[in-house]
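Given next are the chains, with one letter for each unit.
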Amino acid sequence: MKILTLILAALLETVPAGPAWIKQLQPRDSILIADQIEYGFQLDSVPEGTSILLFDYREHATDSLLLLRNWQLDTTARLRVRQPGSKERVRRYNLRGSVVIAPFEEGIYRLPDIRVLRDKDTLVFEGLDLDVKTMPVDTATYQLHDIKGQMRYPLTAKEVVPWVMLLWLVAGLVALTVCLVIIRRRRADGTPVSRDPAYIVALRELDKWRGEKFWAADKQKAYYSGITDALKFYIADRFGVDAPEMTTAELFDALKGEKDLPADLREDLRGVFECADFVKFAKHVASDEDNARALPTAVRFVTSTYQTVLEEEQKNPDEL
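Residues numbered from 1 in each chain as written. Predicted model: local features only at pLDDT ≥ 70, side-chain atom pairs only at ≥ 80, totals over all residues. Heavy atoms only, no water.

Nonpolar side chains tend to gather and get buried jointly when the protein is soluble and globular. Ranked by internal contacts, the top residues of the largest apolar core, which has 34 residues, are Leu206, Tyr223, Ile227, Leu231, Ile235 and Phe301. Examining the composition of this core, we find that 8 residues originate from one element, helix H3 (residues 220–239), more than from any other. Apart from residues no more than four positions distant in its own chain, leucine 231 is found in contact with Leu206, Leu269, Phe273, Ala298, Phe301 and Val302. Of all hydrophobic cores here, the second largest spans 24 residues; its members include Leu43, Ile52, Ile114 and Val116. (Core = buried A, V, L, I, M, F, W, Y, C linked by side-chain atoms within 4.5 Å. Buried < 20%, exposed > 50% of the residue type's maximum accessible area, 1.4 Å probe, protein only. Helix = DSSP H or I, 4+ residues; strand = E, 2+ residues; numbered from the N terminus. Contact = heavy atoms within 4.5 Å.)

Structural data, given as C-alpha cells:
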C-alpha cells in the first residue's frame, strides 16, 4: 500500500473546492474570547498515492488570533471503489485537515481561504467569518462581590456507611492485633494463657515434667525452669506477690508472713528453688534424689495452699 505524503510542488491550476469548515473544541451557542477553534477542510475519495501539500498557516496568525496547532491531516475513512469499466477495486481515502486557533479580541475575523495543493491542482476552500463575542457586562448595575467559598453538600448515607464500616474494620484489626501480641508475649515469658483457675494451670504445667527422661544432665535446666516458672505464676496469683520478677531470696522473704503456708513446706519449696538456681546458673548437675523430690514438692505446695482457699470459701459462702 502506498503512503499519502506531503510534498512541495509547483502551483499550477487553481480549482474551487467549496467552503472550509469551523468547529469549536468547547461547543457552545456562541464563540467567546479564548475559545479554541478547529478550522479546516474535507477531501473525499482521494486516490491512493495522491500528493498533498498544506501551506504553513503561521503567516495568517496575529496577536489577536493565535495559532495553537498547525496543520494536521487525518484519514477519516478508507474506501475500496470499483474502477469504471473494470472489475478491479482501488483504494480511496476521505481526508480531513485542520488547524487550531484561538481569538483573544472581540470582533468578526475573516479567516483566510485554505489552499491545498493536490498533485497538479490547487484546491481552494473559501474562508469563513468568525464572530467572537465577550460576556456582556451591565456597567449600570454591576457590583463587585466577594469570592464565594466552596459549596458544601450534605452527606448521604451512601457516603457515610462505607467509612463507618472501614472504621469498624480497622478497630477490629487493631483489637485482634493487640490480643495476638499479648498472647505471644505471655507465651514467650511463660505466662499461662488459659482462663482456668491458677492452681489448675499450675498443676497442668507441672504435669508436663513428669518422667525420669527430664533428669538427664542436658535436660535438667529445662526441667527446673519449667517447675519454678509454673510455681512463680501460681504464687503471684495465690499470694499477690510479684514472684516472676523476684530472686529466690526475695521470694521467700515475701512468703515468711503467710500463715497459710506451713514452715516445713516453705523450707522444702525453698530447697527446690535453690537447687534450680544452681542448675540454671552454676551448671550444677542435680542428683536423682533432688530430681525425684522436686516435682512432688511443687505439686504438694500447690494442692496444700489452694486447699485453704477452698475451706475459706466453704466457711463464707455469702462472700462468693
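Turning to the packing of aromatic side chains, a few remarks are in order. Aromatic ring pairs are reported here in terms of the distance separating the ring centres and the angle at which the planes meet. Going through the model one piece at a time under the given rule, you end up with 11 aromatic pairs. Judged by centre distance (6.3 Å) and plane angle (65 degrees), the rings of tyrosine 39 and tyrosine 57 are edge-to-face. Pair noted here: tyrosine 39 is in strand E5 (residues 37–47) and tyrosine 57 is in the loop between strand E6 (51–54) and strand E7 (65–82), with a separation of 18 residues, a long-range link. Comparing tyrosine 39 with tyrosine 57 shows no difference in burial state: the two are buried. Every member of this aromatic cluster is reached through a ring pair, and the members are Tyr39, Phe41, Tyr57, Trp71 and Phe125. Taking the ring centre of phenylalanine 239 as reference, the NZ or CZ of arginine 238 above it sits at 4.8 Å. (Phe/Tyr/Trp six-rings, centres within 6.5 Å; stacked < 30°, edge-to-face > 60°. Lys NZ or Arg CZ within 6 Å of the ring centre and 35° of its normal.)

Turning our eyes to something else, we now look at the sheet that holds strand E4 (residues 31–32). Strands in a sheet are paired, the pairing made by backbone hydrogen bonds, and the direction either parallel or antiparallel. Within the open sheet, the 3 strands sit side by side as E4-E12-E9. Their pairing is mixed. What marks the edges here is a single partner per strand, and that holds for E4 and strand E9 (107–110). Where E4 and strand E12 (residues 129–133) come together, 2 bridges link them in parallel fashion. From the neighbouring strand, leucine 32 faces E12, where its bridge partner is lysine 133. (Pairing = 2+ DSSP bridges.)

This part is about the sheet that holds E7. Strand order in this open sheet of 4 strands is E3-E5-E8-E7, and the pairing throughout is antiparallel. The open sheet has two edge strands, strand E3 (21–24) and E7, and neither has a second partner. Across the sheet, the mean angle separating the axes of adjacent strands is 25 degrees when strand polarity is ignored. Of the pairings in the sheet, the one linking E5 to strand E8 (residues 89–103) comprises 9 bridges and is antiparallel in character. Residue phenylalanine 41 lies in a different strand from E8, and its bridge partner there is glycine 97. (Axes fitted to C-alpha atoms, helices over the stretch in contact; angles between N-to-C directions.)

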